[in-house]
Amino acid sequence: MNSLPDLPILSVASELEKALQDGHTILNAPPGSGKSTLVPLLLRDAPWLGRKKIVMLEPRRIATRACALRMASLLAEQVGQSIGYQTRYERKLSAATRVEVITEGLLTRRLQNDPELKDTGLLIFDEFHERNLHGDLALSLALDTVNSLREDLRLLVMSATLETDKLKL
């Protein structure tokens, strides 16, 4: 991996990886700390993930594309290789994709059609403070999957402004 920008999130990377190894977690960090673009890159080779991919939920299409483009550029590759994205109208993925950034509606639909998410090891709910029906429903469906079908599926909720004491995973 090319060198990553020196952003504050790097200082908690090992703690975050350990927390996810043991279960689910919530990451609350200031804007610009590297949550959206560095966290998936830091976690994609975690031993507990195996060969399963990371799916990251973004609340808006423009953020979905921008996050995928930035992560791919940090790896000096084209979007659609190890980093991909999918929105309602666009799809840039391949068999090599290990981090997939998608919009909220797509994750909800995916969880309804394939609740096991067999190829996914980590679901990241980014910008969760931008609460809406799709994000809340997707988290509820993901928790149901974890509780009834996939104990090994990890959930990470990230936000800059969320009151984390009111959210339980």
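Rules behind the numbers
- Residues numbered from 1 in each chain as written.
- Predicted model: local features only at pLDDT ≥ 70, side-chain atom pairs only at ≥ 80, totals over all residues.
- Heavy atoms only, no water.
- Helix = DSSP H or I, 4+ residues; strand = E, 2+ residues; numbered from the N terminus.
- Rg over C-alpha atoms; globule rule 2.2 N^0.38 Å.
- Buried < 20%, exposed > 50% of the residue type's maximum accessible area, 1.4 Å probe, protein only.
- Contact = heavy atoms within 4.5 Å.
- Areas by Shrake-Rupley, 256 points an atom, 1.4 Å probe, with all protein chains shown as cover.
- Lys, Arg positive; Asp, Glu negative; His and termini not counted.
- Charge placed at Lys NZ, Arg CZ, Asp CG, Glu CD.
- Pairing = 2+ DSSP bridges.
- Axes fitted to C-alpha atoms, helices over the stretch in contact; angles between N-to-C directions.
- Arc of directions from axis to C-beta.
- pLDDT = per-residue confidence, 0-100.
- Parallel < 35°, antiparallel > 145°, perpendicular 65-115°, else oblique.
- Left-handed = near helix turned anticlockwise from the far one by under 90°.

Visitor: Lay out the overall build of the chain with the relevant residues and their values.
Guide: The helix and strand tally for the chain stands at five helices and seven strands. In the chain, the succession of helices and strands from N to C terminus is α-β-α-β-α-β-β-β-α-β-α-β. Radius of gyration (C-alpha) of the chain: 14 Å, near the 15 Å computed for a compact globule of 169 residues. The principal-axis extent of the C-alpha atoms belonging to the chain is close to 40 × 35 × 30 Å. Looking at the 169 residues of the chain, the share that counts as buried comes to 50%. The long-range fraction of contacts in the chain, counting pairs at least 24 apart against all pairs at least 6 apart in sequence, stands at 70%. On the chain, roughly 8,300 Å² of surface is accessible, and the fraction owed to carbon and sulfur atoms is 49%. Each charge class in the chain can be summarised by its mean position, and for the 22 positive and 22 negative side chains these summaries are 5 Å apart.

Visitor: Now, about the sheet that holds strand E5 (residues 99-103): what can you tell me, with residues and values included?
Guide: Note: strands within a sheet are paired through backbone hydrogen bonds, in either parallel or antiparallel orientation. The seven strands are arranged E1-E7-E6-E2-E5-E3-E4 in an open sheet whose pairing can be described as mixed. Looking at which strands have only one partner, the edges of the open sheet turn out to be strand E1 (25-28) and strand E4 (91-92). Note that strand E6 (residues 120-125) and strand E7 (residues 154-159) share four bridges and pair parallel. Each bridged residue has a counterpart across the sheet, and for Phe-125 the counterpart in E7 is Val-157. Where helix H1 (residues 13-22) meets the sheet, its contacts fall on E1, E6 and E7, and the angle it forms with E7 comes to roughly 140°.

Visitor: Talk me through H1; I want residue IDs and the actual numbers.
Guide: Along H1, the residues classified as buried are Ala-13, Leu-16, Glu-17 and Leu-20. The buried residues of H1 occupy an angular sector of 100° when the element is viewed end-on, so they sit on one face. Opposite the buried face of H1, at more than 90 degrees from it, the exposed residues are Ser-14, Glu-15 and Asp-22. Turning to H1, the residues buried within the fold contact E1, helix H2 (35-43), E6 and E7.

Visitor: Tell me what's going on with H2, and back it up with residues and numbers.
Guide: Residue pairs three or four apart in sequence face the same way in an α-helix, which turns once every 3.6 residues. For H2, the buried fraction is high: eight of the nine residues fall into the buried class. Among the residues making up H2, those that are buried are Lys-35, Ser-36, Thr-37, Leu-38, Val-39, Pro-40, Leu-41 and Leu-43.

Visitor: Let's hear about the confidence of the model for the chain: which residues, and what values?
Guide: Within the chain, residue pLDDT values average 88, and 91% of them lie at 70 or more. The secondary structure element of the chain with the lowest average pLDDT is helix H5 (residues 133-148), at 84, and the one with the highest is strand E3 (residues 83-86), at 97.

Visitor: Go over the pairing of E7, please, and point to the residues and values.
Guide: When a strand is regular, its side chains alternate between the sheet's two faces. Of all six residues in E7, six are buried, a share of seventy percent or more. Here E7 shows two buried faces, one formed by Arg-154, Leu-156 and Met-158 and the other by Leu-155, Val-157 and Ser-159. Alignment of E1 against E7, held across four bridges, turns out to be parallel. Looking across to E7, one finds that Asn-28 is bridged to Ser-159.

Visitor: Break down the packing of H1 against H2 for me, with residues and values.
Guide: Two numbers describe how H1 lies on H2: the axes approach to 10 Å, and their chain directions differ by 60°. By the criterion of interaxial angle, the relationship of H1 to H2 is oblique. Crossing handedness for the pair H1 and H2: right-handed. In contact with Ala-13, Leu-16, Glu-17 and Leu-20 of H1, H2 contributes Val-39, Leu-42 and Leu-43.

Visitor: Describe the packing of H2 against helix H3 (residues 61-74), and please don't skip the residues or the numbers.
Guide: With their axes 9 Å apart at the nearest point, H2 and H3 run at an angle of 55° to one another. The angle between H2 and H3 falls in the class oblique. Considering only the axes of H2 and H3, their crossing is right-handed. Residues Ser-36, Thr-37, Leu-38, Pro-40 and Leu-41 of H2 pack against Cys-67, Arg-70, Met-71 and Leu-74 of H3.

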